[in-house]
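Listed below are the residues making up each chain.
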Amino acid sequence: MRNHIRLLRAERRWSQAELAERIGVSRQTVNAIENGRYDPSLPLAFRLSEVFERPIERLFDYRDGVGDAS
Amino acid sequence: MLGFGYFGSGTPEGRRHRSRSLAWLAVFMVAALAASVDSLPWPVRIFCGVAVPVAVAGIGWSSVKYLSELDELSRLIHLEASAFSYGAVMVLAGIWFSAGALGLVEHIPGPRALSGLALWVLPSLLIAEALRGHAMVFFARSRR
């Protein structure tokens, strides 16, 4: 599953650690999500949606492929 | 590294897990040794014998508590590594058993060996834990 997390985080000038703290996970988890190595659970996807103030479907793109969709 | 995996015990929850596990391990060691001392009175030996599985359960409880405190990716990596390592040890145990049943190895822990101290359990746990530590590094790196 592709996602736009890295782009949205960069727009807000947040570090991975800062985003990790906001959504309550480790920095490694944020890194794995951004690199398409891990698909977050539904609750975590909703937390991401909340901090970026975007609907989930604007964060994730359910098509085959890995990495940042930007 | 082997006991606590890639995400380490540098975190507060990791340190708590280490302290709890070490305390239960100490109970396990003392109780296991005391239970096998013939000169101790039977009530004390029975108490120590009961304390051994209780200590193992304590380590298990500590691990479950630790997992519940981790974030979802760390927890997934721990579970994958545990499933792999304990599964691999079960396969090894099956091979060992079959080899013994076929007469390919001279000694396997049969009923006579089990009548004494089941010391073979400890090496199998050590193999599983060593495998788990390495599997944890592998699974964590595969998600970087």
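Structure's up top.
For clarity, every value in this text was computed on a predicted model and none was experimentally measured.

Calculation notes
- Numbers given for residues are sequential positions, taken from 1 along each chain in its written order.
- In the order they appear in the text, chains get letters beginning with A and ligands get numbers beginning with 1.
- Confidence filtering applies because this is a predicted model: local features only for residues at pLDDT of at least 70, side-chain atom pairs given and counted only at 80 or more, and all residues used for totals across whole chains, interfaces and linings.
- Each helix corresponds to a stretch of at least 4 residues labelled H or I by DSSP, and each strand to a stretch of at least 2 residues labelled E; elements are numbered beginning at the N terminus.
- With C-beta atoms placed from the backbone, a residue is labelled by how many other C-beta atoms lie within 10 Å of its own: buried for 20 or more, exposed for 12 or fewer, partly exposed between the two.
- Two residues qualify as being in contact provided that their C-beta atoms, derived from the backbone, are within 7 Å of each other.
- Asp, Glu, Lys and Arg are counted as charged, while Ala, Val, Leu, Ile, Met, Phe, Trp, Tyr, Cys and Pro are counted as nonpolar; the rest, among them Gly, fall into the polar class.
- Buried Ala, Val, Leu, Ile, Met, Phe, Trp, Tyr and Cys residues form a nonpolar core when they are connected through C-beta atoms within 7 Å.
- What counts as an axis is a line fitted to C-alpha atoms, over the stretch in contact for a helix, and the angles between N-to-C directions run from 0 to 180 degrees.
- When describing relative orientation, an angle under 35 degrees is termed roughly parallel and one over 145 degrees roughly antiparallel, while 65 to 115 degrees is termed roughly perpendicular and anything else oblique.
- Note: crossing handedness is left-handed where the near helix turns anticlockwise from the far helix by less than a right angle, and right-handed where it turns clockwise.

(A) Here's a closer look at the overall build of chain A. Along the backbone of chain A there are five helices and two strands. Ordered by position from N to C terminus, the α and β elements of chain A give β-α-α-α-α-α-β. Overall, chain A is about 30 × 25 × 20 Å in size when its C-alpha atoms are taken along their principal axes. Counting across all 70 residues of chain A, residues that qualify as buried make up 26%. Considering only intrachain contacts with a sequence separation of at least 6, the fraction spanning at least 24 residues in chain A is 59%.

(B) Structural detail: the overall build of chain B. What chain B contains, in helices and strands, is five helices and zero strands. The linear arrangement of helices and strands in chain B, starting from the amino end, is α-α-α-α-α. Burial statistics for chain B: of 144 residues in total, 15% are counted as buried. Long-range contacts, defined as pairs at least 24 residues apart, comprise 70% of the intrachain contacts of chain B with a sequence gap of at least 6.

(C) The arrangement of the interface of chain A and chain B in detail. Taken together, the contact between chain A and chain B spans 10 residues of the former and six residues of the latter. Each residue belonging to the side of chain A that touches chain B can be placed in one class, and the counts come to four nonpolar, five polar and one charged.

(D) Spatial organisation of the nonpolar core. Counting residues in hydrophobic clusters, the biggest one holds 19 residues, and the most contacted among them are Ile33(A), Leu73(B), Ile77(B) and Met136(B). Per-element tally for this core: the top contributor is helix H5 (residues 121–141) of chain B, with five residues.

(E) Here's a closer look at the environment of Ala26(B). Relative to the assigned elements, Ala26(B) resides in helix H1 (residues 12–35). Each C-alpha atom, one on Ala26(B) and one on Ile95(B), is 32 Å from the other, the two residues being 69 residues apart in sequence.

(F) Structural context of the environment of Asn31(A). Looking at the secondary structure, you find Asn31(A) in helix H3 (residues 27–34). Put simply, Asn31(A) and Ala17(A) are 14 residues apart on the chain and 9.3 Å apart in space, counted from C-alpha to C-alpha. Sequence-distant contacts of Asn31(A), defined by excluding residues within four places in its chain, comprise Gln16(A) and Arg144(B).

(G) Up close: unusual backbone geometry. All names here are of chain A. One non-glycine residue, Arg13, adopts positive backbone phi at about 55 degrees. If you trace the backbone, Arg13 turns up in the loop between helix H1 (5–11) and helix H2 (16–23). With 7 C-beta atoms counted inside 10 Å, the residue Arg13 sits in the exposed group. Even without being glycine, Glu53 reaches a positive phi, approximately 55 degrees. Residue placement: Glu53 occurs in the loop between helix H4 (42–52) and helix H5 (56–59). We classify Glu53 as exposed; it has 8 C-beta atoms within 10 Å.

(H) Spotlight on the packing of H2(A) against H3(A). Residue and element names in this part refer to chain A. Running from N to C, H2 and H3 point in directions that differ by 105 degrees, and their axes come no closer than 8 Å. Here H2 is positioned roughly perpendicular relative to H3, judged by the angle of their axes. Along the contact surface, H2 presents Gln16, Ala17, Leu19 and Ala20, while H3 presents Arg27, Thr29, Val30 and Asn31. Within the contact of H2 with H3, the residues separate by chemical class into four nonpolar, three polar and one charged.

(I) Examining the environment of Glu129(B) more closely. Within the secondary structure, Glu129(B) is located in helix H5. Along the sequence, Glu129(B) and Phe47(B) sit 82 residues apart, while their C-alpha atoms lie 28 Å from each other.

(J) Seen up close, the packing of H1(B) against helix H2 (residues 42–69) of chain B. All names here are of chain B. Two elements in contact, H1 and H2, have axes whose closest approach is 8 Å; the angle formed by their N-to-C orientations is 165 degrees. Judged by the inter-axis angle, H1 sits roughly antiparallel to H2. In this structure, H1 crosses over H2, and the sense of that crossing is left-handed. Judged by residue contacts, Glu13, His17, Arg20, Ser21, Trp24, Leu25, Val27, Phe28, Ala31, Ala32, Ala34 and Ala35 of H1 engage Arg45, Cys48, Gly49, Ala51, Val52, Ala55, Val56, Gly58, Ile59, Ser62, Tyr66 and Glu69 from H2.

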